[in-house]
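# Coordinate analysis (summary)
Next come the chains, spelled out residue by residue.
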Amino acid sequence: MITDKMQAALNAQMNAEMYSSYLYLSMAAYFESKNLQGFAHWMHQQAREEWAHAMKFYKFINDRMGRVIVREIEAPKTEWASVLEVFEDVAVHEAKVTALIGKLVEQASAEKDHATGVFLNWFVQEQVEEEASADYIVQTLRAIGDSVGGLYQLDHRLGKRE
Ligand code: FEO
């Protein structure tokens, strides 16, 4: 069993993961409009991953005999000034998600809800990777600067994401 407070917090995080998926789908659509297929592919993969994160929360809430509540997903931004601006937004967004997961960990600890604490460990690790990969792309784009060749090389590389 989970407390009502924990159930609300887990449902809120499920919604936040759905929003992440929606945000990355919007970024994929932006890249498609710019004919940057590699970046679009990377964002589609990211959107799928985020949906899978949401489903982990969905399953966990049910496994703990809680009630999943599906709510509206906030509309994400649809336009960016540059590829760099998109990935700067990814980095800022992932830092926010890390903070949200941190708050959940603190709540689980305060409630002595060990099962939720263990469940959240996976997300703590995942956020390390998420922040590192966003930072890597931001740093690479800053190094590329105005080089169109460099941008297309990175587009090609990100298009190979499994
Ligand atoms: Fe599910 Fe990118 O955090």
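Above this text you will find the structure in question.
Now for a look at the structure at hand. (Residues numbered from 1 in each chain as written. Predicted model: local features only at pLDDT ≥ 70, side-chain atom pairs only at ≥ 80, totals over all residues. Heavy atoms only, no water.)

### Some thoughts on unusual backbone geometry
Note the threshold: Strands here are runs of E lasting at least two residues and helices are runs of H or I lasting at least four, both read from the DSSP assignment and numbered beginning at the N terminus. The buried label applies to any residue whose accessible area, calculated with a 1.4 Å probe on protein chains only, is under 20% of its type's maximum; exposed applies above 50%, and partly exposed to all values in between.
Although it is not a glycine, Asn 35 sits at a positive phi angle of roughly 60°. Mapped onto the fold, Asn 35 is located in the loop between helix H1 (4-33) and helix H2 (37-63). The phi torsion at Lys 112 lies on the positive side, around 55°, for a residue other than glycine. Tracing the backbone shows Lys 112 in the loop between helix H3 (83-110) and helix H4 (114-144). The exposure class assigned to Lys 112 is exposed, which follows from its relative accessible area of 63%.

### Things to note about the packing of H4 against helix H5 (residues 148-158)
Filter applied, for reference: As a rule, the C-alpha atoms of each element are fitted with a line to give its axis, helices using only the stretch in contact, and angles between N-to-C directions run from 0 to 180 degrees. Throughout, the term roughly parallel applies to angles under 35 degrees, roughly antiparallel to angles over 145, roughly perpendicular to angles from 65 to 115, and oblique to all others. Definitions for this section: a left-handed crossing has its near helix turned counterclockwise from the far helix by less than a right angle. A right-handed crossing has that turn clockwise. For this analysis, residues touch if any pair of their heavy atoms sits within 4.5 Å. All amino acids are sorted into three groups, where Ala, Val, Leu, Ile, Met, Phe, Trp, Tyr, Cys and Pro are nonpolar, Asp, Glu, Lys and Arg are charged, and the leftover types, Gly among them, are polar.
Where H4 meets H5, the closest approach of the two axes is 9 Å, and the angle between their N-to-C directions is 155°. Classed by the angle they form, the pair H4 and H5 counts as roughly antiparallel. Where H4 crosses over H5, the handedness of that crossing is right-handed. Of the residues in H5, those in contact with Tyr 136, Ile 137, Thr 140, Leu 141 and Ile 144 of H4 are Gly 150, Leu 151, Leu 154, Arg 157 and Leu 158. Counted by class, the contact of H4 with H5 contains 7 nonpolar, 2 polar and 1 charged residues.

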